[in-house]
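Examination of the molecular architecture
Listed below are the residues making up each chain.
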Amino acid sequence: MDGVNDRVRSGGGTDGSGDTGRALGDFLRARRGRVAPEHVGLTGGRRRRVRGLRREELAQLAGISVDYYVRLEQGRATQPSPEVLDALAGALGLDAAERGHLATLTGARRGPAPRARVSPLLRRILDGMTDLPAFATDHRLDVVAWNDLGSELIGGLTGPDHRDRNNARFLFLDPASRLVHPEWEDRAAEAVGQLRVAAGRYPDDGELAGIVAELGELSAEFRRIWDSGEIVMCAAGRKRLRHPVAGLLTLDFETLHVPAAPGETGLVVHVFSAQEGSPEAAALARLAPAAAAVPARP
């Protein structure tokens, strides 16, 4: 997939999405499993029963006690200092995205998650982008606002028979999602990655935990991706979507963040576009009249 991709690996079963201690331990355990000892100046030594670094080796590299690291990985210590986090991140070779996720897991927001409001201004902006498909999602991946062309492009969000407006449920529980998204695996990995990050940031969000638990129960593919720890989060790039009239479209996309409050996730606006003069631009222009005929949206 083309685009700006932030890969974050972690682990953990879908029944523990709201347990920050477990999530932190799963992330550290999965990440040290990816570090080859010889890559950090350690010899293989005696036969290893696990891949990657041993706990004592990572503790040594980070300059912390083995006991304290064990407590971190077991979820019995969940508030390491910034210095410890920086040392662990350096020892594990974390990139910027992984460091951000590690910080999220150790600074999770307790209490109810913020309710991001679709403001009149955001509604006006979406409506004003008549030539650009766009929609907004919250941290649970609920599609909470869209413009006409956005609904037309990704599948009907309006009317009495609208598709599930939670993007994760749509992807994993509705077979139609595979028709809309030819690179279904990539889209599914993005959805899991966003849910995992949101669960780490808002561990007390019962609605979010319910979505994760529901998908874990009903979809073997969701469980596979969640348990694998492979997460892909895309901020910009290109995506392919299939429309029943316009056919297969390759579109540029960008994500714009609308904070609910300082430091909070808020809403994410997904905007699609096509290069002027391209077949995709012509296809979007043809879709615009059909999009304008859809029922009123919220």
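Structure report, in brief. These numbers come from a predicted model, not from an experiment.

**Here's the deal with the pairing of strand β6 (residues 267-273)**
It is a general feature of regular strands that their side chains alternate between the two faces of the sheet. Most of β6 is tucked away: six of the seven residues are buried. Direction of pairing for strand β2 (residues 134-137) relative to β6: antiparallel, over a ladder of four bridges. Along β6, the bridge assignment pairs Thr 137 with Val 268. Direction of pairing for strand β5 (residues 247-258) relative to β6: antiparallel, over a ladder of seven bridges. By the bridge assignment, Phe 253 is partnered in β6 with Phe 272.

**Comments concerning the environment of Leu 72**
Relative to the helices and strands, Leu 72 is located in helix α3 (residues 66-73). Sequence separation between Leu 72 and Arg 29 is 43 residues, and the spatial gap between their C-alpha atoms is 9.9 Å. Beyond its immediate chain neighbours, meaning those up to four positions away, Leu 72 contacts Gly 21, Leu 24, Gly 25, Leu 28, Ala 77, Pro 80, Val 84 and Leu 88.

**Some remarks on the nonpolar core**
A general feature of soluble globular proteins is that nonpolar side chains tend to end up buried together. Ranked by internal contacts, the top residues of the largest apolar core, which has 24 residues, are Leu 28, Leu 58, Ile 64, Tyr 69, Leu 72, Leu 88 and Leu 102. Discounting residues that sit within four places of it in the chain, Ile 64 has contacts with Ala 59, Tyr 69, Val 84 and Leu 88. Judged by nonpolar contacts, the second largest core, of 19 residues, contains Phe 135, Phe 170, Leu 241 and Phe 272.

**Some thoughts on the pattern of salt bridges**
Across all of its chains, the model carries 22 salt bridges by this definition. Where Arg 169 meets Glu 214, a salt bridge forms, and the shortest distance between an N and an O atom there is 3.5 Å. Within this pair, whereas Arg 169 is found in helix α8 (residues 167-173), its partner Glu 214 is found in helix α11 (residues 206-218), the two being separated by 45 residues in sequence. Residue Glu 214 is classed as partly exposed on the basis of its relative accessible area of 28%. A network of salt bridges, in which partner residues are shared, links Arg 22, Asp 26, Arg 29, Arg 32, Arg 55 and Glu 73.

**Quick look at the packing of aromatic side chains**
Overall, the coordinates contain five aromatic pairs when judged by the stated rule. Pairing Phe 172 with Trp 184 gives two aromatic rings, centres 5.4 Å apart and planes at 80°, and the pair type is edge-to-face. Residue Phe 172 is found in helix α8, and its partner Trp 184 is found in helix α10 (residues 184-201); the two are separated by 12 residues along the sequence. Trp 184 gets classed as buried once you look at its relative accessible area, which sits at 4%. With 6.4 Å between their ring centres and 40° between their planes, Phe 253 and Phe 272 make a pair best called tilted. Of this pair, Phe 253 sits in strand β5 while Phe 272 sits in strand β6; the two residues are 19 residues apart in sequence, bridging distant segments of the chain. As far as the burial class goes, Phe 253 and Phe 272 line up, both buried. Connected via pairs of aromatic rings, a cluster forms that spans Phe 172, Trp 184, Phe 222 and Trp 226. Positioned over the ring face of Phe 170 is Arg 163, at 3.9 Å from the centre of the ring.

**Quick look at the environment of Leu 208**
Looking at the secondary structure, you find Leu 208 in helix α11. Distance in space between the C-alpha atoms of Leu 208 and Leu 195 is 7.8 Å, their sequence separation being 13 residues. Those residues within four positions of Leu 208 in sequence are excluded, and the remaining contacts are His 139, Arg 140, Leu 195, Ala 198, Ala 199 and Tyr 202.

**Let's talk about the layout of surface pockets**
Put simply, the second largest pocket is a space of about 160 Å³. Lining the second largest pocket, in full, are Ser 151, Glu 152, Leu 153, Ile 154, Gly 155, Gly 156, Ala 176, Leu 179, Val 180, Arg 242, His 243 and Pro 244. The biggest single contributor to the lining of the second largest pocket is helix α7 (residues 148-154), with four residues.

**Regarding unusual backbone geometry**
Phi is mostly negative for residues that are not glycine, and the peptide bonds are mostly trans. Its identity as a non-glycine residue notwithstanding, Leu 141 has a phi of 70°, on the positive side. Residue classification places Leu 141 among the buried residues on the basis of a relative accessible area of 4%.

Criteria and cut-off values
Residues numbered from 1 in each chain as written. Predicted model: local features only at pLDDT ≥ 70, side-chain atom pairs only at ≥ 80, totals over all residues. Heavy atoms only, no water. Buried < 20%, exposed > 50% of the residue type's maximum accessible area, 1.4 Å probe, protein only. Helix = DSSP H or I, 4+ residues; strand = E, 2+ residues; numbered from the N terminus. Pairing = 2+ DSSP bridges. Contact = heavy atoms within 4.5 Å. Core = buried A, V, L, I, M, F, W, Y, C linked by side-chain atoms within 4.5 Å. Salt bridge = Lys/Arg side-chain N within 4 Å of Asp/Glu carboxyl O. Phe/Tyr/Trp six-rings, centres within 6.5 Å; stacked < 30°, edge-to-face > 60°. Lys NZ or Arg CZ within 6 Å of the ring centre and 35° of its normal. 1 Å grid on protein atoms, 1.4 Å probe; cavity = no way out; pocket = protein on both sides within 12 Å on 5 of 7 lines; lining within 4 Å. Points joined across faces, edges and corners; volume = space filled by probe spheres on them.

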